[in-house]
Amino acid sequence: MAENKISACLVVYNEEEKIEDCLRSIRDYVDQIVLVHDGECTDRTLEIANKYGCEIYIEKYLGNAEPHRSFSFEKSRNDWILLIDADERLSLGLAEELETLIQDMNVDAYTFDWVSEIGEKGQLFKKKQILLRKNKMYFLGFPHIQVETRGVCKYLPFSLLHDTSEYRSGKKLLASYLRKNKKWGMVTAKMLRSPLEDLSVFNCIINDPNLKQIKKVKLIKNFPLVAIFVVPVYSFFYGMVFCKGFKKGFLGFVSCLHVPLHIFFTC
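Residues numbered from 1 in each chain as written. Predicted model: local features only at pLDDT ≥ 70, side-chain atom pairs only at ≥ 80, totals over all residues. Heavy atoms only, no water.

1. Here we look at the pairing of strand β4 (residues 78-83)
Within β4, six of the six residues are buried, leaving the element largely enclosed by the surrounding structure. Pairing of strand β1 (residues 2-12) with β4 involves five bridges; the strand directions are parallel. Looking at the pairing, Ala2 lines up with Asn78 of β4. (Buried < 20%, exposed > 50% of the residue type's maximum accessible area, 1.4 Å probe, protein only. Helix = DSSP H or I, 4+ residues; strand = E, 2+ residues; numbered from the N terminus. Pairing = 2+ DSSP bridges.)

2. Some points on the side chain of Asp79
Examined against the element boundaries, Asp79 turns out to sit in strand β4. We note that Asp79 is buried and unpaired, the nearest opposite charge coming from Arg133 at a distance of 4.6 Å. A polar atom in the side chain of Asp79 sits 2.9 Å from the backbone nitrogen of Asn4. Contact partners of Asp79, with chain neighbours within four places excluded, come to Met1, Ala2, Glu3, Asn4, Lys5, Leu132, Arg133 and Lys134. (Lys, Arg positive; Asp, Glu negative; His and termini not counted. Salt bridge = Lys/Arg side-chain N within 4 Å of Asp/Glu carboxyl O. Polar contact = N/O pair within 3.5 Å; in protein donor to acceptor, adjacent residues only side chain to side chain. Contact = heavy atoms within 4.5 Å.)

3. Let's talk about unusual backbone geometry
Its identity as a non-glycine residue notwithstanding, Asn14 has a phi of 45 degrees, on the positive side. Within the fold, Asn14 resides in the loop between β1 and α1 (19-26). Backbone geometry places Asn203, a non-glycine residue, at a positive phi of 60 degrees. Its location among the elements puts Asn203 in the loop between β11 (201-202) and α6 (212-222). By relative accessible area, Asn203 is classed as partly exposed at 36%.

The following block contains the structure:
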């Protein structure tokens, strides 16, 4: 495993409209790009990915990105992983700092501002952990479960930009959340009916009682009626208060409904 180098890991599905902006933002700042496609590609996504030198893997269609992420991490050759989606791109300020950030031996992961630009009403801010030291990170391949570190995580006010150009209003964003989460909820419900041991994992075991990811999934699986109230309320409160969604009015309100809607359709 190469030291002080970065592998960018992406899981995509037919993203020809957005993938190029993503790859353009990272190609000069990472040492490897691992791209996993969820099932057969029916647009120009892989053609574009080839142009940017991605290492491409086509896996069985699952209808969700998270189960494939562990595989993408396993294919990485470097000691840092940059986790990014096709509809995200690094701000220039963040991209130019990557080489410096990975030199800090006292930090094992970084969290940045996740910025969505919607219409003319400003930006929505959340926070997302996307740059992690590989040997300290762990992951459970379940929807809306974030990659975590066993080490030290540091927040820095750089921006990861989320391309939401197709949403011109809070109403359109809400309609999109309803449509997507209804679909993803069916996939998640199927995963919950299967044994937890079937879930993909990275750098962890499913029976570890100390990992908060696993605790959360077990809560949803074993106590769905509790989860349908507890998890959405916590997620909504966290987004509105700690991520200051309340400052963005209706857009902030809708943005904080993403995870609650997913849990609702799942349970």
